[in-house]
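What the coordinates show
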Amino acid sequence: MNRPVAITLSSFKGGVGKTTSSICLATLCSALGQTLLIDSDPNRSASMWARKGNLPFQTATEMSAHKLTSQQRFDFLIIDTPARPTEEDLQELLDSCHLLIIPVTPDALAIDALGAMVKKLPQGANFKILVNMVPPAPQKDGEEAFQLLREMGYPVLDRGIRLLKAYKNAAAYGKPVHNVPGGKIAWRDWTELAKTQPLQSLLS
Ligand SMILES: Nc1ncnc2c1ncn2[C@@H]1O[C@H](COP(=O)(O)OP(=O)(O)OP(=O)(O)O)[C@@H](O)[C@H]1O
Ligand SMILES: [Mg+2]
């Protein structure tokens with residue numbers, strides 16, 4: 001691998017799962033190669049999650065990542081960002097990664113914010129939408145969101161992430177989600193997501 005595969009998580013809307021998804025993606029990547037999670041959110045949520053030292057990858061702020069990447073070879077960089085990027089931020093994010101992932105929750109407000117963000121992306125931008133916090137059956141919110149997003153012609157990752165309490169516990173204990181009670185079920189979504197394109201190609 002010549003240069004690290006870089007995946008950035010970004011969204012206009014806050015609280016849709018950028019940090020949680022960054023931690024899960026970095027956990028997936030850490031089984032495949034040297035992984036660095038870059039926390040570029042001033043709230044430092046990912047760094048706080050990592051602080052207990054129970055995560056299987058390194059974490060750095062944007063500033064310290066420069067030094068670290070010049071000293072160590074990484075195969076994967078996962079970049080967590082704050083909500084509401086400006087148009088300039090978006091261009092920079094796109095230029096510096098192989099794939100931009102925009103998490104969205106299956107509700108009207110989040111899908112509206114997603115639409116506003118997609119409009120700001122330059123033509124040909126390489127991005128995928130991750131449907132997160134899909135509520136359990138018989139609720140159909142997940143299915144409906146997938147249908148709507150596909151009808152709108154958006155590039156959606158072919159697997160959603162279920163709404164499960166294990167994520168909150170994982171954050172509270174500073175652990176990867178598969179290491180907390182109920183987390184094995186949650187983790188299945190991520191191992192299945194890793195089999196979908198373009199993630200499968202990027203992670204192989
Ligand atoms: N799949 C999920 N199931 C249940 N809870 C989830 C899931 N994904 C995220 N959460 C919870 O939703 C909340 C917001 O998630 P997170 O902090 O990852 O979002 P964010 O987009 O990074 O937020 P911000 O914009 O503030 O940085 C957290 O409490 C997190 O534990
Ligand atoms: Mg966050």
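All of the points below concern the structure found in this document. Everything quoted here is computed from the prediction, not taken from an experiment.

Some details on the site of ligand 1
Close to ligand 1 lie 17 residues; Lys18, Thr19, Thr20, Asn132 and Arg162 are nearest. Side-chain polar atom of Thr20 to an oxygen atom of ligand 1: 2.6 Å apart, as the coordinates give it. Taking Arg162, its main chain carries an N or O atom lying 2.9 Å from a nitrogen atom of ligand 1. When ligand 1 is considered free in solution it has 630 Å² of accessible area, and contact with the protein chains removes 79% of it. Sort the elements by how many residues they give to the shell around ligand 1 and helix H1 (residues 18-30) lands first, with three residues.

Topic: helix H8 (residues 183-193)
Helical geometry: 3.6 residues make up each α-helical turn, so side chains three or four residues apart lie on a common side. Within the sequence span of H8, burial applies to Gly183, Ala186, Trp187, Asp189, Trp190 and Leu193. Viewed end-on, H8 has its buried residues packed into an arc of 145 degrees, placing them on one side of the element. On its buried face, H8 sits against H1, strand E6 (127-131), helix H7 (166-173) and helix H9 (199-202).

A look at the packing of H1 against H8
The interhelical angle for the contact between H1 and H8, taken along N-to-C directions, is 70 degrees, at an axis separation of 10 Å. By the angle between their directions, the pair H1 and H8 is classed as roughly perpendicular. The handedness of the crossing between H1 and H8 comes out as right-handed. Two secondary-structure elements touch here, H1 through Ser21, Cys24, Leu25, Thr27 and Leu28 and H8 through Trp187, Trp190 and Thr191.

Concerning the side chain of Ser40
Topologically, Ser40 is positioned in the loop between strand E2 (35-39) and helix H2 (45-50). In this structure the side chain of Ser40 is engaged in a polar contact, spanning 2.8 Å, whose partner is the backbone oxygen of Asp80. Among residues more than four places away in sequence, those in contact with Ser40 are Glu62, Ile79, Asp80, Thr81 and Pro82.

Re the environment of Val180
Take Val180: it is sitting in the loop between H7 and H8. When its relative accessible area of 5% is taken as the criterion, Val180 is described as buried. Put simply, Val180 and Leu149 are 31 residues apart on the chain and 32 Å apart in space, counted from C-alpha to C-alpha. Non-local contacts of Val180, meaning those with residues more than four positions away in its chain, are made with Ala166, Asn169, Ala170, Tyr173 and Lys175.

A closer look at the side chain of Ser10
By secondary structure assignment, the location of Ser10 is in the loop between strand E1 (5-9) and H1. For Ser10, a relative accessible area of 0% translates into the label buried. Setting aside anything within four residues of it in sequence, one finds Ser10 in contact with Lys18, Thr81, Pro85, Leu90, Leu93, Leu100, Ile101, Ile102, Pro103 and Met117.

Reading the values: rules and limits
Residues numbered from 1 in each chain as written. Chains lettered and ligands numbered in written order. Predicted model: local features only at pLDDT ≥ 70, side-chain atom pairs only at ≥ 80, totals over all residues. Heavy atoms only, no water. Near = heavy atom within 4 Å. Polar contact = N/O pair within 3.5 Å; in protein donor to acceptor, adjacent residues only side chain to side chain. Areas by Shrake-Rupley, 256 points an atom, 1.4 Å probe, with all protein chains shown as cover. Helix = DSSP H or I, 4+ residues; strand = E, 2+ residues; numbered from the N terminus. Buried < 20%, exposed > 50% of the residue type's maximum accessible area, 1.4 Å probe, protein only. Arc of directions from axis to C-beta. Contact = heavy atoms within 4.5 Å. Axes fitted to C-alpha atoms, helices over the stretch in contact; angles between N-to-C directions. Parallel < 35°, antiparallel > 145°, perpendicular 65-115°, else oblique. Left-handed = near helix turned anticlockwise from the far one by under 90°.

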